[in-house]
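Examination of the molecular architecture
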Amino acid sequence: GLKNFEVKYLVEKRLEEIVNPSSTLEFGACDFVDMIVDQIGGCKSANENLVAIIEKTTSDVSSEDKNDQWSELVLNLKEFFTYWYRLSQILPDSMEKVIIDDIKFDEFLNKTLNLCKECISALEYDDIFLAGDILRYEVVPAIQKIDELIPDIQKVLREKEKQT
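I will try to describe carefully the structure that is included in this document. (Residues numbered from 1 in each chain as written. Predicted model: local features only at pLDDT ≥ 70, side-chain atom pairs only at ≥ 80, totals over all residues. Heavy atoms only, no water.)

Before going further, it helps to spend a moment on helix α7 (residues 128–148). Between its first and last C-alpha, α7 extends 28 Å over 21 residues, near the 30 Å set by a 1.5 Å rise per residue. Along its length, α7 reaches its greatest deviation from straightness, about 35°, at V139, and the proline P141 lies no more than four positions downstream. Of all the residues in α7, the buried ones are A131, G132, I134, L135, V139, V140, A142, I143, I146 and D147. (Helix = DSSP H or I, 4+ residues; strand = E, 2+ residues; numbered from the N terminus. Expected span 1.5 Å × (residues − 1). Bend = angle between axes of the 7 residues up to and from the residue. Buried < 20%, exposed > 50% of the residue type's maximum accessible area, 1.4 Å probe, protein only.)

The following block contains the structure:
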């Protein structure tokens, strides 16, 4: 393995390359994809947290801090969709190969987003029970399907990396 002084030398050399204005920092496609693949693994806990927030928000309809719970839920749903849409935009060729329920990933994500819009419409009409049912019985299973596919998504991205 590397000894401490070798690691220190390599770090200092890399820092010089980054800080030196005459050098150019280059990003390799493999490094970028590796970084994304690693980061996607962390989505599992974020998805589980989102499901827990949905379950908490929809199970306690009489809570006094209900507005705060719904606000937190909406923010978390926004982050969920933002993350997955950005990933699809960054790596469209790879994400196009991901299939859920016999449809492409983006189509599945759009379908799930439309369910959330239905939920918001229900809330606008103060139909908290319909909103809760949509979330519990349609959005949560969709999040769980994405969660189950994380290893497959990582595999697709790694295959794409090998081709570059």
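With 40 residues, the main nonpolar core has W84, F105, V139 and I153 as its most contacted residues. Elements with a minimum of two residues in this core: α2 (29–41), α3 (43–59), α4 (66–90), α6 (105–124), α7 and α8 (150–163). For this core, the leading source of residues is α7, giving 8 residues. Beyond its immediate sequence surroundings of up to four residues, V139 is in contact with I54, L77, T112, L115, C116 and I134. (Core = buried A, V, L, I, M, F, W, Y, C linked by side-chain atoms within 4.5 Å. Contact = heavy atoms within 4.5 Å.)

Applying the stated criterion across every chain yields a total of 4 aromatic pairs. With 5.0 Å between their ring centres and 90° between their planes, Y83 and W84 make a pair best called edge-to-face. Three or more aromatic residues joined by ring pairs form one cluster here, namely F80, F81 and Y85. (Phe/Tyr/Trp six-rings, centres within 6.5 Å; stacked < 30°, edge-to-face > 60°.)

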